[in-house]
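Okay, here's what each chain looks like letter by letter:
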Amino acid sequence: MRSSYKEEDVILLLKDITGLVKPQSTEERERMIQSGRHYCEMLPVEYAPSEKYMEAYHTALKGYAGQTAKAVGKLADKIISARGKTIVLVSLARAGIPAGILLKRYLNWKYQINPVHYAISIIRGMGIDKNAVSYILQRHKPEDILFVDGWIGKGAIQNELEQAVKEFQGISKDLAVLADPAGITKFYGTHEDLLIPSACLNSTISGLISRTFFRRDIIGENDFHGAVYYENLQKADLSYPFIYAIEAEFKKENKEIEKIFHDKGMDEVKQIAQNYDIQDINFIKPGIGETTRVLLRRVPWKVLIGEEFKHDAALEHIKRLAEEKGVEIEYYPLKHYKSCGIIKKIADT
């Protein structure tokens, strides 16, 4: 699989399907998804964001590089403490890849270890790429594998992972993430709903690759799940400037006060569903990263912003996107999250 990443940073276990799938508009994809088509059978049109939005991204990077670096460091420390130094990192493509690269680089910087780092596909409702897992198991011990993602929203991918690994003896269901505002996993950098700047962009911060794709007419029985390489966006590629900006903030000590939860993020999501009469919980995407994805890749109905975070700089890019797309912002008493994106039901449009 082609990408703008170096192989020493990540080995992409993906099939290059560039040119085999015609990208579709957000509205067209949303209509098909809500009619029952699986999102992994389509790809969105990817574009270079507006100048104003890029200003918001660069502000986010400047303001949150340090906190992101601290989350990377805390996560690395927890992994070493619990698992030791024999680790194989397996990032969940696509959002997990920048997190995995940063984690690998931090482990090398502080602990002088250089774990192998793979990226594979996992798709909600379809499962993990079994061919990719088998490829890794032919080369490494199952107990050394640690899955990595950028953040946890409400925990759908964590649930998918738990089901998937039951087939593979000895592989842990643990998921290591930079931010876990849902309070689900033991391997997290922070419980804060942290703005990880890579969440602000799509392929232009993820090695110029698309989200992963699976459709039987293109992905054969022995193939890895697919992805597209966006060569046309090379001039807009910020994948390594992002990595370097976070890396420059690495510190050996990463202490901070832990946030304690008395419930799970899913409880809050269920309450939102009840308050807004939303039947399908998948329409609710909590957390900064997921809200951003709704605004970039789906058709949003509205954005909820926590009342106490009205003026939080971490939400500036969300406000900018909502303004560009004419999406209503509502202030709401969020507890676990700073923001939440709600997808529009196409039948209502």
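Cut-offs applied
- Residues numbered from 1 in each chain as written.
- Predicted model: local features only at pLDDT ≥ 70, side-chain atom pairs only at ≥ 80, totals over all residues.
- Heavy atoms only, no water.
- Helix = DSSP H or I, 4+ residues; strand = E, 2+ residues; numbered from the N terminus.
- Buried < 20%, exposed > 50% of the residue type's maximum accessible area, 1.4 Å probe, protein only.
- Contact = heavy atoms within 4.5 Å.
- Areas by Shrake-Rupley, 256 points an atom, 1.4 Å probe, with all protein chains shown as cover.
- Lys, Arg positive; Asp, Glu negative; His and termini not counted.
- Charge placed at Lys NZ, Arg CZ, Asp CG, Glu CD.
- Axes fitted to C-alpha atoms, helices over the stretch in contact; angles between N-to-C directions.
- Parallel < 35°, antiparallel > 145°, perpendicular 65-115°, else oblique.
- Left-handed = near helix turned anticlockwise from the far one by under 90°.
- Nonpolar A, V, L, I, M, F, W, Y, C, P; charged D, E, K, R; others polar.
- Phe/Tyr/Trp six-rings, centres within 6.5 Å; stacked < 30°, edge-to-face > 60°.
- Lys NZ or Arg CZ within 6 Å of the ring centre and 35° of its normal.
- Core = buried A, V, L, I, M, F, W, Y, C linked by side-chain atoms within 4.5 Å.
- Polar contact = N/O pair within 3.5 Å; in protein donor to acceptor, adjacent residues only side chain to side chain.
- Pairing = 2+ DSSP bridges.
- Arc of directions from axis to C-beta.

A. A look at the overall build of the protein chain. When helices and strands are counted, the protein chain shows nine helices and 13 strands. Taken over the C-alpha atoms alone, the protein chain extends approximately 50 × 50 × 40 Å along its principal axes. Looking at the protein chain residue by residue over its 349 residues, the buried ones come to 58%. In the protein chain, the proportion of contacts linking residues at least 24 apart, taken out of those at least 6 apart, comes to 80%. Accessible surface, the protein chain: about 15200 Å² in total, of which carbon and sulfur atoms supply 47%. For the protein chain, the centre of its 49 positive side-chain charges and the centre of its 48 negative side-chain charges are spaced 1 Å apart.

B. Quick peek at the packing of helix α2 (residues 51-83) against helix α3 (residues 96-111). The geometry of α2 relative to α3 is characterised by a closest axis approach of 9 Å and an angle of 70 degrees between their N-to-C directions. Viewed along their axes, α2 and α3 adopt a mutual orientation that is roughly perpendicular. You can see that α2 and α3 cross each other, and the crossing is right-handed. Where α2 abuts α3, its residues Val72, Gly73, Leu75, Ala76, Asp77, Ile79 and Ile80 lie against Leu102, Leu103, Tyr106, Leu107, Lys110 and Tyr111. Residues of the contact of α2 with α3, tallied by class, amount to ten nonpolar, one polar and two charged.

C. Quick look at the packing of aromatic side chains. For the structure shown, the criterion picks out nine aromatic pairs. Arranged with centres 6.3 Å apart and planes meeting at 85 degrees, the rings of Tyr118 and Tyr135 form a pair that is edge-to-face. Of this pair, Tyr118 sits in strand β4 (residues 117-123) while Tyr135 sits in helix α4 (residues 130-137), and the two are 17 residues apart along the sequence. A relative accessible area of 26% places Tyr135 in the partly exposed class. The structure contains a cluster of three or more aromatic residues connected by ring pairs, namely Tyr5, Tyr240 and Tyr244. One residue, Arg139, lies across the ring of Tyr135, its end atom 3.5 Å from the ring centre.

D. Looking closely at the side chain of Ser206. For Ser206, the location among the structural elements is in the loop between β8 (188-190) and β9 (226-227). Its relative accessible area of 5% is what places Ser206 among the buried residues.

E. Highlighting the environment of Gly287. Summarising the element assignment, Gly287 is placed in the loop between β10 (284-286) and α8 (288-297). For the pair Gly287 and Asp144, spaced 143 residues apart in sequence, the C-alpha separation works out to 30 Å. What Gly287 contacts, discounting residues up to four positions off in sequence, is Asp193, Tyr337, Ser339 and Cys340.

F. Seen up close, unusual backbone geometry. A cis amide bond links Ala93 to the next residue, Arg94, at an omega of 15 degrees. Tracing the sequence through the fold places Arg94 in the loop between β3 (88-93) and α3. Non-glycine residue Leu208 carries a positive phi angle of around 65 degrees. On the secondary structure map, Leu208 appears in the loop between β8 and β9. In the Ramachandran plot, Asp277 falls in the positive-phi region, its phi being about 55 degrees despite a non-glycine side chain. Relative to the helices and strands, Asp277 is located in the loop between α7 (265-275) and β10.

G. Here's a closer look at the nonpolar core. Residues Tyr57, Ile97 and Leu107 are the most contacted members of the largest nonpolar core, which totals 66 residues. Ranked by residues supplied to this core, first place goes to α2 with 14 residues. In this structure, Leu107 is in contact with Ala76, Ile80, Ile87, Leu89, Gln112, Ile113 and Pro115, ignoring residues within four places of it in sequence. Counting 24 residues, the second largest nonpolar core, distinct from the first, contains Val88, Ile128, Ile152 and Phe168.

H. Highlighting the side chain of Ser3. Among the structural elements, Ser3 can be located in the segment before β1 (11-12). Given a relative accessible area of 19%, Ser3 falls into the buried group. Among the polar contacts made by the side chain of Ser3, one reaches the main-chain amide nitrogen of Tyr5 at a distance of 3.0 Å. Excluding residues within four positions of it along the chain, Ser3 makes contact with Leu12, Gly207, Ile209 and Tyr229.

I. Inspection of the environment of Lys62 at higher detail. Mapped onto the elements, Lys62 comes out in helix α2. For the pair Lys62 and Pro197, spaced 135 residues apart in sequence, the C-alpha to C-alpha distance is 9.1 Å.

J. How the structure looks around the sheet that holds β10. Pairing is mixed in the open sheet, where four strands are placed in the order β10-β13-β11-β12. The two strands at the open ends of the sheet, each matched to only one other strand, are β10 and β12 (328-332). The mean inter-strand angle of the sheet, taken between neighbouring strand axes irrespective of direction, is 25 degrees. Its contacts with the sheet put α8 on β10, β11 (300-306) and β13 (339-343), and the angle it makes with β13 is roughly 35 degrees. Where helix α9 (residues 316-325) meets the sheet, its contacts fall on β11, β12 and β13, and the angle it forms with β12 comes to roughly 140 degrees.

K. The arrangement of α7 in detail. Among all positions in α7, only Gly265, Glu268, Val269, Ile272 and Ala273 are buried. Taken end-on, α7 shows its buried residues confined to a sector of 145 degrees, consistent with a single buried face. The inward-facing, buried residues of α7 abut β10, β11, β12 and β13. Note on α7: the residue one or two positions beyond its end, Asp277, has a positive phi of about 55 degrees.

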